[in-house]
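Architecture at a glance
The lines below spell out each chain.
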Amino acid sequence: MSAKSAISKEVFIPHDEKMLAAVQVKRRTKKKIPFLATGGQGDYMTFICLSVTNKKPSYVSITKVKQFQGSSSFIKRSQWTIDQLRQVNGIDANKDCPEFDLIFDNAFDQWVAGLAGEKCTFIQVLHHTCQRYSSARKPEFVNCQSKLLGGNSILHSAADSVTSAVQKASQALNERGERLGRAEERTVDMMNSAEQFAVTAHKLAMKHKC
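Everything in this summary refers to the structure shown in the same document. (Residues numbered from 1 in each chain as written. Predicted model: local features only at pLDDT ≥ 70, side-chain atom pairs only at ≥ 80, totals over all residues. Heavy atoms only, no water.)

So, on to the overall build of the protein. A tally of regular secondary structure across the protein gives four helices and eight strands. What you see in the protein, going N to C, is helices and strands ordered as α-β-α-β-β-β-β-β-β-α-β-α. The long-range share in the protein, meaning contacts at least 24 apart out of those at least 6 apart in sequence, stands at 55%. (Helix = DSSP H or I, 4+ residues; strand = E, 2+ residues; numbered from the N terminus. Contact = heavy atoms within 4.5 Å.)

Encoded structure:
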């Protein structure tokens, strides 16, 4: 089982939440935390996760989850609602890069993702989720590539692909229907012609007998 699948199963599913996205990160700048605050548990992996409750009304959360060295379990460390998110900084709007910042009402974190692609996917899903679930005051997305904010996003591309496939299938069915319709019309015409020919032939035969 992958780490993200395990996080979903251990941290979110028990609370009737669905994990929408997750990205493994490290701090770009070291935070000075007292030894006692960390519990002296040594190295750890950090994931930033986006989740939504299954029950209505839906509540969206951004959660910091950690897995400490030597442990197989994942621990929820910090959590914010999506309405506490003020700004998402993608750092570079011209190319894929692993760095990004999240600014909340009461926190500011500078992260670097394990892979630039994971960061891009996370920001893309986060932006889509904010547009859907945020209140009137939506967070600001700065220095983010346009493809992540709806221009040519994976979500839109997938939707376009499905729509295109449906349209092509519908067009093919319509064309097939038209061909079948024309074939049926030709068949009817041929049957009418054959029937007319038979009637004419019958009349000629009767005249010949007479």
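Here the focus is the packing of aromatic side chains. Within the structure shown, the criterion is met by four aromatic pairs. Judged by centre distance (6.2 Å) and plane angle (40°), the rings of Phe-100 and Phe-122 are tilted. Of this pair, Phe-100 sits in strand S6 (residues 99–104) while Phe-122 sits in helix H3 (residues 116–133), and the two are 22 residues apart along the sequence. The same class applies to Phe-100 and to Phe-122, which are both buried. (Phe/Tyr/Trp six-rings, centres within 6.5 Å; stacked < 30°, edge-to-face > 60°. Buried < 20%, exposed > 50% of the residue type's maximum accessible area, 1.4 Å probe, protein only.)

Within the secondary structure, Thr-63 is located in strand S3 (residues 60–68). There is a polar contact of 2.8 Å between the side chain of Thr-63 and the side chain of Gln-79. Excluding its chain neighbours within four sequence positions, the residues that come into contact with Thr-63 are Phe-12, Phe-47, Ile-48, Cys-49, Lys-76, Ser-78 and Gln-79. (Polar contact = N/O pair within 3.5 Å; in protein donor to acceptor, adjacent residues only side chain to side chain.)

Here we take up helix H1 (residues 3–12). Within H1, burial applies to Ala-6, Ile-7, Ser-8, Val-11 and Phe-12. Tucked inside the fold, the buried residues of H1 contact strand S1 (17–27), strand S2 (44–53), S3 and strand S4 (75–81).

Right, let's get into the nonpolar core. Ranked by size, the top nonpolar core spans 26 residues in total, and within it Ile-48, Leu-85, Phe-100, Leu-102 and Leu-126 carry the most contacts. Taken together, the elements giving at least two residues each to this core come down to S1, S2, S3, strand S5 (85–89), S6, strand S7 (108–113) and H3. In terms of residue count, the dominant contributor to this core is H3 (six residues). One finds Ile-7, Val-11, Phe-12 and Phe-74 within the second-largest nonpolar core, a separate group that totals ten residues. (Core = buried A, V, L, I, M, F, W, Y, C linked by side-chain atoms within 4.5 Å.)

All right, on to the pairing of S3 then. Judged by how many residues are buried, S3 sits mostly within the fold: nine of nine residues are covered. Burial along S3 is two-sided: the residues Val-60, Ile-62, Lys-64, Lys-66 and Phe-68 and Ser-61, Thr-63, Val-65 and Gln-67 are all buried. With nine bridges connecting them, S2 and S3 associate as antiparallel partners. Paired with Ile-48 across the strands is Lys-64, a residue of S3. Here S2 hands over to S3 after six residues, the two strands then running antiparallel side by side. Pairing of S3 with S4 involves six bridges; the strand directions are antiparallel. (Pairing = 2+ DSSP bridges.)

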